[in-house]
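If you want the building blocks of each chain, they are given just below.
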Amino acid sequence: MSLDQPLPVGSVSAPKGRWREYTQLSRQVRQAGLLERRRGWYGARIGLNLVGLAAGWAVLVIVGESWWQLVTAAYLAVVFTQLAFVGHDAGHRQLFGSRRANDLTGLVHANLLVGVSFDWWVAKHNRHHSNPNHEELDPDISITALAFTADQASSKHGLVRLIARYQAWLFFPLLLLEAAHLHLASLKAILGGSGRANTVEGLLLGAHVVGYLTALVVVLSPLQALAFLAVQQGLFGLYLGCAFAPNHKGMATLTQADDLDFLRRQVLTSRNVAGSRPVDWLLGGLNYQIEHHLFPTMPRPNLRRAQPLVRAFCHQHGLAYAETSLVDSYAQALRHLHTVGAPLRPTPAATD
């Protein structure tokens, strides 16, 4: 079986004692210094992102009422996604040794700058990392409008069943709604929560919403403001979804019947995207998904250095290491969605 194809989970046994393999790999990674913090790198990255954010809002004010502001909206969609990548890293405590410092950075980036609840997202994302591609336990493949397994497809009804039929064709258009989903889920989580931390989250999120909408209303005409909002948020969601889609979609899915150790659970359900440093920037380091899942606290710039070590270890232990190009990663994900949705589509005989 080629390395860019999912390995059937049923073909993998999980004898006791395989934790020793992960311990060996972890020791190699630690000895190579790959878990050490990279404060200088993150300081520069955050600084550049903030300059880019300030530049985008400055252009909005300087240019004023113009349909050319839709270009500004597209630019800010990219900046928002780059800010979200830093929030992701803070959620994994990659930036600092202190949990407080990571949480503060995450709150500022997620709630204040992007408009997504940091605590809600971290809790959801941690469940994904604990059980990637698990039918019952991974929230990232428990999406109402999409089916990632045959059982999920058969359980769909009504409009969502119709969407699941043609989900491969609708996947990218649906990603245009991802930002709206994140905002609504964040609002629901904050309104349903309580305590001082929840109040802080609510105030930061409220400040983001008020500042964002005020800027649009003051500078643009009502129609331009709506168009700016649709373009910026739509492309923000699309970019985020495109960054996360190659990581697990179309890889092996797990159930309670699959008894895999941590190493195999993370590697066999993850896919890397090959490429150069521009790909690292474009995907926020998520293109090293195998390394990231094995060592979630590893700083983003160290993932590239860890890859040869992890790949060699996997090959040494006969463990399939999936890696492909960015374009092929999307193709694999779409083929999987098309195949899963096939039983829901009418057959030619049924339409005669």
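Okay, so let's go over this structure. (Residues numbered from 1 in each chain as written. Predicted model: local features only at pLDDT ≥ 70, side-chain atom pairs only at ≥ 80, totals over all residues. Heavy atoms only, no water.)

1. Quick notes on the environment of His109
Right, so step 1: Secondary-structure assignment places His109 in helix 4 (residues 99-114).
Right, so step 2: Residue classification places His109 among the buried residues on the basis of a relative accessible area of 4%.
Right, so step 3: In the structure, His109 is positioned 214 residues away from Glu323 in sequence and 30 Å away in space, judged by C-alpha atoms.
Right, so step 4: Sequence-distant contacts of His109, that is, excluding residues within four places in its chain, are made with Ile46, Leu83, Val86, Gly87 and Val114.
Right, so step 5: Reaching out from His109, the side chain makes a polar contact with the backbone oxygen of Thr105 at a distance of 3.0 Å. (Helix = DSSP H or I, 4+ residues; strand = E, 2+ residues; numbered from the N terminus. Buried < 20%, exposed > 50% of the residue type's maximum accessible area, 1.4 Å probe, protein only. Contact = heavy atoms within 4.5 Å. Polar contact = N/O pair within 3.5 Å; in protein donor to acceptor, adjacent residues only side chain to side chain.)

2. Details of the nonpolar core
Note on soluble globular proteins: their nonpolar side chains tend to be buried together.
Right, so step 1: Counting residues in hydrophobic clusters, the biggest one holds 28 residues, and the most contacted among them are Leu53, Leu216, Leu220, Phe228 and Phe236.
Right, so step 2: Those elements giving two or more residues to this core turn out to be helix 2 (39-63), helix 3 (69-91), helix 4, helix 5 (118-130), helix 9 (178-191), helix 10 (196-219) and helix 11 (222-244).
Right, so step 3: If one sorts the elements of this core by residue count, helix 3 sits on top with six residues.
Right, so step 4: Discounting residues that sit within four places of it in the chain, Phe236 has contacts with Ala77, Phe80, Thr81, Ala84, Val114 and Ala179. (Core = buried A, V, L, I, M, F, W, Y, C linked by side-chain atoms within 4.5 Å.)

3. Brief notes about the packing of aromatic side chains
Right, so step 1: For the structure on display, the rule yields 10 aromatic pairs.
Right, so step 2: Consider the rings of Trp41 and Tyr42, whose centres lie 4.9 Å apart with planes at 85°: the pair is edge-to-face.
Right, so step 3: With relative accessibility at 23%, the residue Trp41 sits in the partly exposed group.
Right, so step 4: An aromatic cluster is present here, built from Trp57, Phe80, Tyr212, Phe228 and Phe236 joined pairwise through their rings. (Phe/Tyr/Trp six-rings, centres within 6.5 Å; stacked < 30°, edge-to-face > 60°.)

4. Examining unusual backbone geometry
Right, so step 1: Although it is not a glycine, Arg93 adopts a positive phi angle of roughly 60°.
Right, so step 2: Tracing the chain through its elements places Arg93 in the loop between helix 3 and helix 4.
Right, so step 3: What makes Arg93 partly exposed here is its relative accessible area of 36%.
Right, so step 4: Although it is not a glycine, Asn133 adopts a positive phi angle of roughly 60°.

5. A few points about helix 8 (residues 167-175)
Right, so step 1: Restricting attention to buried positions, one finds in helix 8 the residues Gln167, Ala168, Phe171 and Leu175. Projected down its long axis, helix 8 carries its buried residues within an arc of 85°, all on one side.
Right, so step 2: The secondary structure elements touched by the buried residues of helix 8 are helix 7 (158-165), helix 9, helix 11 and helix 16 (326-341). (Arc of directions from axis to C-beta.)

It is worth stressing that arrangement in space is one thing and function is another; only the former is reported here.
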